[in-house]
Amino acid sequence: MGKLLKKCVACYQYSLAKEICPNCGGHLRIAAPSKFSPQDKYGKYRRMLLKTTLTLHQKEE
């Protein structure tokens, strides 16, 4: 796979580094969302993860 542009969650700077931001040492995440596909194989699991994350967040409040 080619290099992907990533964004730091701490300082919001873009980088091509692997995991750690060269500016602040924060965690990098892929900047672009995944491509849409009507034959989404893993959509069920993403929705389940989102639902459990939201319910856990609501329980904390």
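A brief structural summary.

Definitions and cut-offs
- Residue numbering note: each chain is counted from 1, following its sequence as written.
- Owing to the predicted nature of the model, reporting of local features is limited to residues with pLDDT of at least 70; listing and counting of side-chain atom pairs is limited to 80 or more, with chain, interface and lining totals taken over all residues.
- Side-chain calculation: all heavy atoms of the structure are included, whereas hydrogens and water are not.
- Secondary structure elements are defined from DSSP: runs of H or I of at least 4 residues count as helices, runs of E of at least 2 residues count as strands, and each element is numbered from the N terminus.
- Relative accessibility thresholds used throughout: buried, under 20% of the residue-type maximum; exposed, over 50%; partly exposed, between the two (1.4 Å probe, protein chains only).
- Between two residues, a contact is recorded if the distance between any of their heavy atoms is within 4.5 Å.
- Per-residue and other accessible areas follow the Shrake-Rupley method at a 1.4 Å probe size, with only the shown protein chains counted as cover for residues.
- Positive: Lys, Arg. Negative: Asp, Glu. His and the chain ends are not part of the count.
- One atom stands in for each charge, and that atom is NZ of Lys, CZ of Arg, CG of Asp or CD of Glu.
- Pairs of strands are assigned from DSSP output, requiring at least two bridges between the strands.
- What goes into a patch is any residue over 30% in relative accessible area without a salt bridge, connected to like charges within 9 Å or, for nonpolar side chains (Val, Leu, Ile, Met, Phe, Trp, Tyr), within 5 Å.
- By definition, a salt bridge exists where a carboxyl oxygen of Asp or Glu is found within 4 Å of a side-chain nitrogen of Lys or Arg.

## Observations concerning the overall build of the protein
Phase 1: Helix and strand counts for the protein come out as one helix and three strands.
Phase 2: Its helices and strands taken in sequence order, the protein reads β-β-β-α from the N to the C terminus.
Phase 3: Across its three principal axes, the protein shows a C-alpha extent of roughly 35 × 35 × 15 Å.
Phase 4: Of all 61 residues assigned to the protein, the portion counted as buried reaches 11%.
Phase 5: Within the protein, counting contacts between residues at least 6 apart in sequence, those at least 24 apart form 12% of the total.
Phase 6: Total accessible area on the protein is roughly 6,000 Å²; 59% of this is exposed by carbon and sulfur atoms.
Phase 7: Averaging the positions of the 12 positive and the 4 negative side-chain charges in the protein gives two centres separated by 10 Å.

## Some words on the sheet that holds strand β3 (residues 28-30)
Phase 1: What the three strands build is an open sheet, ordered β2-β1-β3; its pairing is antiparallel. What marks the edges here is a single partner per strand, and that holds for β2 (14-15) and β3.

## What to know about a nonpolar patch on the surface
Phase 1: On the surface, a cluster of nonpolar side chains totalling about 320 Å² of accessible area is made up of Leu5, Tyr14 and Leu16.
Phase 2: Along the polypeptide, Leu5 turns up in the segment before β1 (6-8).
Phase 3: Classification of Leu5 as partly exposed rests on a relative accessible area of 46%.

## Quick word on the environment of Val9
Phase 1: By the secondary structure assignment, Val9 is in the loop between β1 and β2.
Phase 2: Note: C-alpha distance between Val9 and Leu49 (40 residues apart in sequence) is 20 Å.
Phase 3: Once residues within four sequence positions are removed from consideration, Val9 is found in contact with His27 and Arg29.

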